[in-house]
Amino acid sequence: MPRSNRPRRPVSGKAGAGSGPAGGKKGSADVPELDLERARAGIARRESAPDGEWMVRTMTAKNAEKTYICPECSTAVLPGVAHLVVWKDDHLFGAAAGLAERRHWHTNCWQTRSYRYR
């Protein structure tokens, strides 16, 4: 006999598989609340500077889990510290190469960086 595609309805008066907030569906669980800070932080923005075009993504303190070295001040960007992830958008070898060479900067170091070529 073929399976029915109609949703199963609970039998009235009986508590069972169809009762409760999950509605008896397999795999349904409480949906986590949307974290707007995390959603906004994941979007990279484009910045123009005298040294080229850059893609800049904000890393929130909640999502910062590793230690990185800031290229400007050569000190550690510690876990739990909000910072920026930066990569060159107009890289000589293409966007993928620029993304592969991304670096983690302190926010203040990025905003006050010098444009001298190294």
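The model shown is predicted, which means the values in this text are computed figures rather than measured ones. (Residues numbered from 1 in each chain as written. Predicted model: local features only at pLDDT ≥ 70, side-chain atom pairs only at ≥ 80, totals over all residues. Heavy atoms only, no water.)

Student: Looking at this structure, I do not really get the side chain of histidine 106. What am I missing?
Tutor: When you line up the elements, histidine 106 lands in the loop between β6 (103-105) and α3 (107-111). What makes histidine 106 buried here is its relative accessible area of 18%. Side-chain polar atoms of histidine 106 contact the backbone oxygen of alanine 76, separated by 3.3 Å. Among residues more than four places away in sequence, those in contact with histidine 106 are Cys70, Cys73, Thr75, Ala76, Val77 and His83. (Helix = DSSP H or I, 4+ residues; strand = E, 2+ residues; numbered from the N terminus. Buried < 20%, exposed > 50% of the residue type's maximum accessible area, 1.4 Å probe, protein only. Polar contact = N/O pair within 3.5 Å; in protein donor to acceptor, adjacent residues only side chain to side chain. Contact = heavy atoms within 4.5 Å.)

Student: I would appreciate a short explanation of the environment of glutamate 101 in the present structure.
Tutor: With respect to the helices and strands, the residue glutamate 101 is situated in the loop between α2 (95-100) and β6. Taking the relative accessible area as the measure of exposure, glutamate 101 reaches 46% and is therefore partly exposed. Glutamate 101 sits 13 residues away from lysine 88 along the chain, and the two C-alpha atoms are 7.9 Å apart.

Student: Looking at this structure, I do not really get the sheet that holds strand β1 (residues 45-49). What am I missing?
Tutor: Two orientations exist for strands paired in a sheet by backbone hydrogen bonds: parallel and antiparallel. One open sheet holds the four strands; their spatial order is β1-β2-β5-β6, and the pairing between them is antiparallel. The open sheet is flanked by β1 and β6, the only strands paired with a single partner. Here the strands of the sheet are splayed against their neighbours by 35 degrees on average, with no regard to which way each runs. Note: strand β5 (residues 83-88) against β6, three bridges, orientation antiparallel. Among the inter-strand pairings, valine 86 is bridged to a residue of β6, identified as arginine 103. (Pairing = 2+ DSSP bridges. Axes fitted to C-alpha atoms, helices over the stretch in contact; angles between N-to-C directions.)

Student: I keep staring at the pattern of salt bridges and nothing clicks. Help me out?
Tutor: Any two side chains of opposite charge can pair, given that their charged atoms come close. Counted according to the given criterion, the structure contains four salt bridges. Put simply, glutamate 47 and arginine 45 hold a salt bridge, and the shortest N to O gap is 3.3 Å. Residues participating in the shared-partner salt-bridge network are Arg46, Glu53 and Asp89. (Salt bridge = Lys/Arg side-chain N within 4 Å of Asp/Glu carboxyl O.)

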